[in-house]
Amino acid sequence: MEMREVYRRDGTPTGRSVAKHDKLEKGWYLLHAIVILKTLDGRYIMQQRSLKAKYCPGQWDVTGGGVIAGETSACAAAREAEEELGVSVDPKDLKPMLREITQWGDDYGMICDTYAARVAVPEDGFRIARSEVNDVRCVDFETFLTTVTYNKSAAFAEMLKRVEREI
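Residues numbered from 1 in each chain as written. Predicted model: local features only at pLDDT ≥ 70, side-chain atom pairs only at ≥ 80, totals over all residues. Heavy atoms only, no water.

K.L.:
How would you sum up the packing of helix α2 (residues 141-148) against helix α3 (residues 154-166)? Please name residues and give values.
P.N.:
Where α2 meets α3, the axes come as close as 10 Å, and the angle between the chain directions of the two elements is 160 degrees. Our classification of the angle between α2 and α3 gives roughly antiparallel. When you trace α2 past α3, the crossing you get is right-handed. Mapping the contact onto sequence places Phe141, Phe144, Leu145 and Val148 in α2 and Ala157, Leu160, Lys161 and Glu164 in α3. (Axes fitted to C-alpha atoms, helices over the stretch in contact; angles between N-to-C directions. Helix = DSSP H or I, 4+ residues; strand = E, 2+ residues; numbered from the N terminus. Parallel < 35°, antiparallel > 145°, perpendicular 65-115°, else oblique. Left-handed = near helix turned anticlockwise from the far one by under 90°. Contact = heavy atoms within 4.5 Å.)

Written out as structure tokens, the structure is:
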């Protein structure tokens, strides 16, 4: 069973862990990690969520997922890139770009750390985790920006523009 550490809204750990889909109590936040993958030739890797996904099935999105207990958000971002797409990235090569807090219900929610890195497209092609990803594409920045921001904040869109300039 996948366990996730519980944090306070300010990002400090509570010392508690919960199973992946357990209900959160007031004041509890889970940590989530996203990684923006920019290829060596300047394109962006986006993935289509599984058609059977609980949230936003079939939508084109960025790579990411929950941080497992005992793991840093950078390690989780690197793990998700490897698990979902077969893209190797060293957590030390990830540049922190944004931390956002999403509150659900009565003072509980998610802290989301977003990282960015330049990566090589696997020579033998992407190894897609079919349980999570339906398809994958490498696209130019404008296509990436307009496609993956459908459910993101204005701060996220501005962060992507920073990635384009800095990474």
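K.L.:
Tell me about the environment of Ala33, and please be specific about residues and values.
P.N.:
Its place among the elements puts Ala33 in strand β3 (residues 29-39). Under the relative-accessibility criterion, Ala33 is labelled buried at 0%. Along the primary structure Ala33 and Gly65 are separated by 32 residues, whereas in three dimensions their C-alpha atoms are 5.6 Å apart. Those residues within four positions of Ala33 in sequence are excluded, and the remaining contacts are Thr63, Gly64, Gly65, Val67, Ser73, Ala76, Ala77 and Asp113. (Buried < 20%, exposed > 50% of the residue type's maximum accessible area, 1.4 Å probe, protein only.)

K.L.:
Run through α2, naming residues and quoting values.
P.N.:
Residues three or four positions apart in an α-helix share a direction because the helix packs 3.6 residues into each turn. Within α2, the full set of buried residues consists of Phe141, Phe144, Leu145 and Val148. The buried residues of α2 occupy one face: seen down the axis, they fall within an arc of 95 degrees. On its buried side, α2 packs onto β3, β4 (44-49), β5 (60-61), β9 (133-139) and α3. Two to three positions downstream of the cap, the backbone nitrogen of Glu142 sits 3.1 Å from a side-chain oxygen, assigning the N-cap of α2 to Asp140. (Arc of directions from axis to C-beta. Polar contact = N/O pair within 3.5 Å; in protein donor to acceptor, adjacent residues only side chain to side chain.)

K.L.:
How would you sum up the packing of aromatic side chains? Please name residues and give values.
P.N.:
Per the stated rule, a full pass over the model turns up 2 aromatic pairs. Arranged with centres 5.5 Å apart and planes meeting at 55 degrees, the rings of Tyr44 and Phe141 form a pair that is tilted. Placement of Tyr44 in strand β4 and of Phe141 in helix α2 is noted, with a sequence separation of 97 residues between them. With respect to class, Tyr44 is no different from Phe141; both count as buried. In textbook terms, an aromatic cluster arises when at least three aromatic residues are bridged by ring pairs, as seen for Tyr44, Phe141 and Phe144. The ring centre of Tyr150 lies 5.2 Å from the NZ or CZ of Lys152, which sits over that ring. Directly above the ring of Phe156 sits Lys152, whose terminal nitrogen or CZ lies 5.6 Å from the centroid. (Phe/Tyr/Trp six-rings, centres within 6.5 Å; stacked < 30°, edge-to-face > 60°. Lys NZ or Arg CZ within 6 Å of the ring centre and 35° of its normal.)

K.L.:
Lay out the pairing of strand β2 (residues 13-19) with the relevant residues and their values.
P.N.:
Every other side chain in a regular strand lies on the same face of the sheet, so the side chains alternate between the two faces. As paired elements, strand β1 (residues 3-7) and β2 share 4 bridges and run antiparallel to each other. Bridge pairing in β2 places Met3 opposite Ala19. Between β1 and β2, which pair antiparallel and follow one another directly, the connecting turn spans 5 residues, one of which, Gly11, has a positive phi of 90 degrees. (Pairing = 2+ DSSP bridges.)

K.L.:
Kindly report on unusual backbone geometry, identifying the contributing residues and their values.
P.N.:
Peptide bonds are trans in most cases, and residues, glycine excluded, mostly fall at negative phi. With phi around 50 degrees, Cys56 is a residue other than glycine that occupies positive phi space. Checked against the element boundaries, Cys56 lands in the loop between β4 and β5.

K.L.:
Describe the nonpolar core, with residues and values.
P.N.:
Counting residues in hydrophobic clusters, the biggest one holds 23 residues, and the most contacted among them are Leu37, Ile45, Leu85, Val89, Leu94 and Val119. Elements with a contribution of two residues or more to this core: β3, α1 (73-85), β8 (108-119) and β9. Setting aside anything within four residues of it in sequence, one finds Val89 in contact with Ala78, Ala81, Leu94, Ala117 and Val119. Counting residues in each nonpolar core, the second largest holds 22 residues, with Ile36, Trp60, Met110 and Val139 among its members. (Core = buried A, V, L, I, M, F, W, Y, C linked by side-chain atoms within 4.5 Å.)

Honestly, it's all geometry; don't read function into it.
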